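Architecture at a glance
Single-letter residue listing:
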Amino acid sequence: MAGLTLAVLISGRGSNLQSLIDACTDPAFPALIALVISNEPDAKGLERAAAAGIANQVINHRDYPTKEAMGDALSRAISDSGAELVCLAGFMRILSHDFVEQWRDRLVNIHPSLLPAFPGLHAHEQALSAGVRVTGCTVHFVREGVDSGPIIAQAAVPVHSGDTADSLADRVLKAEHQIYPLAVRLIAEGRVSVVDETALIADSASPEIVLLNPV
Ligand code: GRF
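Quick summary incoming for the structure in this document. (Residues numbered from 1 in each chain as written. Predicted model: local features only at pLDDT ≥ 70, side-chain atom pairs only at ≥ 80, totals over all residues. Heavy atoms only, no water.)

This part takes up the overall build of the protein chain. Helix and strand counts for the protein chain come out as six helices and 10 strands. Taken over C-alpha atoms, the radius of gyration comes to 17 Å for the protein chain, in line with the 17 Å a tight globule of 215 residues would show. Projected onto its principal axes, the C-alpha coordinates of the protein chain cover approximately 45 × 40 × 40 Å. Taken across its 215 residues, the protein chain has 49% of its residues classed as buried. If you take every contact in the protein chain between residues at least 6 apart in sequence, the share linking residues at least 24 apart comes to 63%. For the protein chain, the centre of its 15 positive side-chain charges and the centre of its 25 negative side-chain charges are spaced 3 Å apart. (Helix = DSSP H or I, 4+ residues; strand = E, 2+ residues; numbered from the N terminus. Rg over C-alpha atoms; globule rule 2.2 N^0.38 Å. Buried < 20%, exposed > 50% of the residue type's maximum accessible area, 1.4 Å probe, protein only. Contact = heavy atoms within 4.5 Å. Lys, Arg positive; Asp, Glu negative; His and termini not counted. Charge placed at Lys NZ, Arg CZ, Asp CG, Glu CD.)

On to the nonpolar core, then. Val 8, Ile 33, Cys 87, Val 108, Ile 152, Tyr 180 and Val 184 are the most contacted members of the largest nonpolar core, which has 46 residues in total. The element best represented in this core is helix α6 (residues 165-188), accounting for 10 residues. Residue contacts for Tyr 180: discarding those within four places in its chain leaves Asn 16, Ser 19, Leu 20, Cys 87, Leu 88, Ala 89, Val 108, Asn 109, Ile 110 and Val 139. (Core = buried A, V, L, I, M, F, W, Y, C linked by side-chain atoms within 4.5 Å.)

The full count for this structure, using the stated rule, is eight salt bridges. Between Asp 105 and Arg 143 there is a salt bridge, with its nearest N and O atoms 2.7 Å apart. On the criterion of sequence distance, the pair formed by Asp 105 in the loop between α4 (97-102) and β5 (107-111) and Arg 143 in the loop between β6 (134-141) and β7 (151-158) is long-range, its members being 38 residues apart. A residue is classified by how much of its surface remains accessible, and Asp 105, at 31% relative accessible area, is partly exposed. (Salt bridge = Lys/Arg side-chain N within 4 Å of Asp/Glu carboxyl O.)

The next subject is unusual backbone geometry. Residues other than glycine predominantly adopt negative phi, and peptide bonds predominantly adopt the trans conformation. Between Leu 115 and the following residue, Pro 116, the backbone shows a cis peptide bond with an omega angle of 10°. In this model, Asp 105 sits at a positive phi of 65°, which is unusual for a non-glycine residue. The phi dihedral of Phe 118 is positive, around 55°, even though this residue is not glycine. For Phe 118, the position within the fold is in the loop between β5 and α5 (123-130).

What follows concerns the site of the ligand. By nearness alone, every residue bordering the ligand is listed as Arg 13, Gly 14, Ser 15, Asn 16, Gly 90, Ile 110, His 111, Pro 112 and Glu 176. Take Ile 110: an N or O atom from its main chain is 3.0 Å from a nitrogen atom of the ligand. Between the ligand and Glu 176 there is a distance of 2.6 Å, counted from an oxygen atom to a side-chain nitrogen or oxygen. (Near = heavy atom within 4 Å. Polar contact = N/O pair within 3.5 Å; in protein donor to acceptor, adjacent residues only side chain to side chain.)

Below, the discussion takes up the packing of aromatic side chains. A complete count under the given rule lists one aromatic pair for this structure. Judged by centre distance (6.4 Å) and plane angle (40°), the ring pair of Phe 99 and Trp 103 falls under tilted. When sorted by exposure, Phe 99 lands in the same class as Trp 103, which is buried. (Phe/Tyr/Trp six-rings, centres within 6.5 Å; stacked < 30°, edge-to-face > 60°.)

Below is the structure:
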C-alpha cells in the first residue's frame, strides 16, 4: 500500500530505522520511506537504507556554520523527497527553532525512557540511578525543548535487579522497535491529532500503550 511518505533522520546504528524499514515491507503498512538522512557519513544505518533500496544522503553538520544553516539544508532535502512525516531515529543533533516549527506536528522522535522522566543523554543510567522499577520508551511529536512534545506512544519495560545500562538498553530497544512502527501507523491512518499540546488517538481504547515483559 502506498501511504504516508517518511524521511528518517539517523546518526548511527539505525536499528529503529530498520524497524521502520521492516514495517514498510508489509503491503498493509500505510507508510513508506522516501529518504534516509544521516549527519554522520559512516553511520551503519546508511547501509541499512542502501540494502533496502531506499534513497539516502549525508548532510554533515560539520559542513554548516550554524544549526540554522544545517536545519535549512535538512528541510530542503526532506521537502525535495516529498516526505510528509520526519522521523528522528537516533539523530544526535539539536534541531533549529525554524526546522522544528516548519515541521510542527509532522516531526516525531523516539526516546528510550518514559518521558517526561529521564530526557536527554544517558536515559538508562538516569533510570538506574533513580532506582525506578519500570522504565520504557516514548514516541512523541518534537518541540524545541530536549525530548519534549506531545506523547503518541509509550511502552513500559521492567528494570531487573542487576541490570546494567547495557542490559536495560537492550530490553528497552526491543520495545522501541515495536512502538515506532505503531506510532507511525497511527499517524499514517490519520488517527493522531494534537489538542492543547496533548496527542489524542482516535478510535482506540489504548493500543498506543504497550506493556512488555511483565515481571
Ligand atoms: C535509540 O535508543 C533511540 O531511542 C535513541 O537513540 C537510540 C538509537 O538507536 N534516540 P538506533 O540507531 O535506532 O539503533
